[in-house]
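A closer look at the structure
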Amino acid sequence: MAIRRDTICALASGLPPAAISVIRMSGPAVIDITERRLSVAKLKPRHATLVDLHSEDGDLIDSGLAIFMPGPASYTGEDTLEITLHGGRMITELALKSIMSAGARIAEPGEFTRRAFEAGKLDLTRAEAVADLIDAESEAQLGQALKQMDGALETLYSGWREDLTEALALLEASIDFPDEEDAPERVDAPVREKLGVLKSDLIQALADGNITERIRDGFKVAILGKPNAGKSTLLNQLARREAAIVTDIPGTTRDVVEVRLTMGGYLVWVSDTAGLRETQDVVEAEGVRRALKAAEDSDIRIWLYDARESFQSDQVRPGDLIISNKSDLVDPESVSRETLSITAKDGSGIDKVEAAIIERLGSLTQNVSAPIITRARHRQGIERALSHLESALGHLESGIGAEFVSEDVRLASRELGTLTGHVDPESVLGAVFSSFCIGK
Ligand SMILES: Nc1nc2c(ncn2[C@@H]2O[C@H](COP(=O)(O)OP(=O)(O)O)[C@@H](O)[C@H]2O)c(=O)[nH]1
Ligand SMILES: [Mg+2]
């Protein structure tokens, strides 16, 4: 169904002033706008042409390069024009004004990609990858977004849906041809087998410990320990700025202070927390509660203690980093060789802390090969699909009837279909007819 749309335009490059500005437009009025504002009848598709851009009154705004990409072989599937101009504020403003006066409107955020999705140019996971490519701040985020852009998720999710469609085809046949008395037996075993395999695939995908989501959204590192251990000093050293207040008064840090850093190619959020101690101060007590929450939510926990004391905690988990601070205040001989020891105040040993964090990130991510679940939306969709699948398997077990099983399978498929944006019940019918000998 072709939808008659309006024409959208937007500044596609960064905010001016800049060396150049790229203005993009898409929609049915693109050819008309080209004729009226660039004074050229027809631009050669996919070729850079030097053009003059004029205002509504015919005044020259700037000269630049225009590239015309006719639909449907364009990003949005519609006629598209990109004009590269000098990146001045006034030029950009007048250029957009001129284009709008010729029949375009300013695009909504993401509207070009949305049109691309609606034109079937990319599925939802690829559309999400476009956003992730642009937002990537670490190499790992970029690598993941590129794989997703390449269709890794679409292939995975569509493959899962195909398995469901095949199971559904078998089930539909047993519903439509109940007279064939051996139909249920013939159908049950292969359906059970298919659904069982898929179930373990989904469980495995969900059991990735949120690692791909973490690569996308950032790993959480919490600095924990008693008041005055030097936690805020360590955070500031890692951040290379005074992000948290440092004083010699115990209990200075009350809220969780987070800084965003990249380490070893990964985005990480390092949080400084209130020192863990019993306190009568209501605000500090809330800080301690938040510190414990941050500890709970974090992927990597750093326990910092004053080298003059000994470290004790019953909250340490395997993989936590235990670091002694203020090594300047103790005899170097007495420092344990087992634990990492630093002097946060002058920055010595910070490189070792960074290396330890990077090593932990490496072991957290070592098994990640393909991007699976990069967003909470995907996790939720897969969880819902899994619960329908479990229900289908339960119904198969109880022998309640193929109708019930196929309803669950259909719901599971629908959930996976929403992940790619491909929900389309007609595809099931096609598979029913093609995979079963209906003419028999
Ligand atoms: N001598 C020495 N003092 C430090 C060191 N690191 C931090 N401090 C001091 O210890 C006090 C408490 O530091 P702070 O970072 O606020 O500790 P927090 O309560 O754990 O956040 C401050 O006076 C810091 O200057 C260190 O490596 N050596
Ligand atoms: Mg502090």
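Residues numbered from 1 in each chain as written. Chains lettered and ligands numbered in written order. Predicted model: local features only at pLDDT ≥ 70, side-chain atom pairs only at ≥ 80, totals over all residues. Heavy atoms only, no water.

Now for the site of ligand 1. Surveying the vicinity of ligand 1 reveals 19 residues, the closest of which are Asn 228, Gly 230, Lys 231, Ser 232 and Thr 233. A distance of 3.2 Å separates an oxygen atom of ligand 1 from a polar backbone atom of Ala 229. Here an oxygen atom of ligand 1 sits 2.7 Å away from a polar atom, N or O, in the main chain of Lys 231. Across the complex, the protein chains shield 90% of the 580 Å² of accessible surface that ligand 1 would expose by itself. Considering every element that reaches the shell around ligand 1, the biggest residue donor is helix α9 (residues 231–239), with three residues. Residue composition of the shell around ligand 1, grouped by class: five nonpolar, eight polar and six charged. (Near = heavy atom within 4 Å. Polar contact = N/O pair within 3.5 Å; in protein donor to acceptor, adjacent residues only side chain to side chain. Areas by Shrake-Rupley, 256 points an atom, 1.4 Å probe, with all protein chains shown as cover. Helix = DSSP H or I, 4+ residues; strand = E, 2+ residues; numbered from the N terminus. Nonpolar A, V, L, I, M, F, W, Y, C, P; charged D, E, K, R; others polar.)

On to the packing of aromatic side chains, then. Inspection of every chain in the model, using the stated rule, returns four aromatic pairs. Their ring planes at 40° and their centres at 5.4 Å tell us that Tyr 305 and Phe 311 sit as a pair that is tilted. Looking at Phe 311, the relative accessible area reads 24%, which means it is partly exposed. Through pairs of rings, three or more aromatic residues link up here, namely Trp 303, Tyr 305 and Phe 311. One residue, Arg 24, lies across the ring of Phe 112, its end atom 4.8 Å from the ring centre. (Phe/Tyr/Trp six-rings, centres within 6.5 Å; stacked < 30°, edge-to-face > 60°. Buried < 20%, exposed > 50% of the residue type's maximum accessible area, 1.4 Å probe, protein only. Lys NZ or Arg CZ within 6 Å of the ring centre and 35° of its normal.)

Here the focus is the domain arrangement of the protein. Looking at the assigned domains, one finds that the protein contains domain 1 (7–118), domain 2 (152–208 + 373–435) and domain 3 (215–365). Using C-alpha coordinates to define each centre, domain 1 is positioned 45 Å away from domain 2. (Domains from an automatic or database assignment.)

Once that is clear, we can look at unusual backbone geometry. In this structure, Pro 17 follows Pro 16 across a cis peptide bond, with omega equal to 0°. Structurally, Pro 17 is set in the loop between β1 (7–11) and β2 (18–26). Its identity as a non-glycine residue notwithstanding, Arg 240 has a phi of 55°, on the positive side. Relative to the elements of secondary structure, Arg 240 occurs in the loop between α9 and β8 (257–263).

Further remarks concern the environment of Leu 142. Locating Leu 142 in the fold gives a position in helix α5 (residues 139–149). If we ignore the near neighbours within four places in the chain, the residues touching Leu 142 are Leu 133 and Ala 136. (Contact = heavy atoms within 4.5 Å.)

Turning to helix α13 (residues 402–420), a few remarks are in order. Taking 1.5 Å of rise per residue, the 19 residues of α13 would be expected to cover 27 Å, and the 27 Å separating its terminal C-alpha atoms lies within 8% of that figure. Among all positions of α13, only Ala 402, Val 405, Ser 406, Asp 408, Val 409, Ala 412, Ser 413, Glu 415, Leu 416, Gly 417, Leu 419 and Thr 420 are buried. Taken from the residues just after α13, Gly 421 is the one with a positive phi, measuring 85°. (Expected span 1.5 Å × (residues − 1).)

Leu 234, Leu 238, Val 270, Ile 302 and Ile 357 are the most contacted members of the largest nonpolar core, which has 30 residues in total. Elements supplying a minimum of two residues to this core: α8 (211–217), β7 (219–225), α9, β8, β9 (266–272), β10 (300–306), β11 (321–325) and α11 (350–365). Counting residues per element, this core draws most heavily on α11, which supplies five residues. Sequence-distant contacts of Leu 234, that is, excluding residues within four places in its chain, are made with Ile 223, Ile 302, Leu 304, Ile 342, Ala 344, Ile 350 and Val 353. (Core = buried A, V, L, I, M, F, W, Y, C linked by side-chain atoms within 4.5 Å.)

All right, on to the side chain of His 388 then. You can see His 388 is positioned in helix α12 (residues 376–398). Apart from residues lying up to four places away in sequence, His 388 is in contact with Asp 408, Leu 411, Ala 412 and Glu 415.

Bringing the sheet that holds strand β5 (residues 80–87) into the picture now. The strand order β3-β4-β5-β2-β1-β6 describes an open sheet built from six strands, whose pairing is mixed. One side of each edge strand has no neighbouring strand; the edge strands of this open sheet are β3 (48–54) and β6 (104–106). Strand-to-strand twist in this sheet, taken as the mean axis angle between neighbours without regard to direction, amounts to 30°. The sheet contact formed by β2 and β5 spans eight bridges and is antiparallel. Each residue of the ladder has a partner; that of Ser 26, found in β5, is Thr 80. Contacts between helix α1 (residues 30–38) and the sheet are confined to β1, β2, β3, β4 (60–69), β5 and β6, with β3 contributing the most and set at about 65° to the helix. (Pairing = 2+ DSSP bridges. Axes fitted to C-alpha atoms, helices over the stretch in contact; angles between N-to-C directions.)

Okay, the packing of helix α6 (residues 152–176) against α13 next. Packing of α6 against α13 leaves a shortest axis separation of 9 Å and a crossing angle of 160°. Considering the angle they form, α6 stands roughly antiparallel to α13. Between α6 and α13 lies a crossing of left-handed hand. The segment α6 lies against α13, with Glu 154, Tyr 157, Ser 158, Trp 160, Arg 161, Leu 164, Leu 168, Leu 171, Glu 172, Ser 174 and Ile 175 engaging Ala 402, Glu 403, Val 405, Ser 406, Val 409, Arg 410, Ala 412, Ser 413, Leu 416, Gly 417, Leu 419 and Thr 420. Residues of the contact of α6 with α13, tallied by class, amount to 12 nonpolar, six polar and five charged. (Parallel < 35°, antiparallel > 145°, perpendicular 65-115°, else oblique. Left-handed = near helix turned anticlockwise from the far one by under 90°.)

Counting buried residues in β7 gives six out of seven residues, a clear majority hidden from the surface. Of the strand pairs in this sheet, β7 and β9 are connected by five bridges, and their pairing is parallel. Bridging from a neighbouring strand, Phe 219 pairs with Val 268 of β9. Summarising the sheet, β7 and β10 pair through five bridges and their orientation is parallel. Within the sheet, the bridge partner assigned to Val 221 lies in β10 and is Ile 300.

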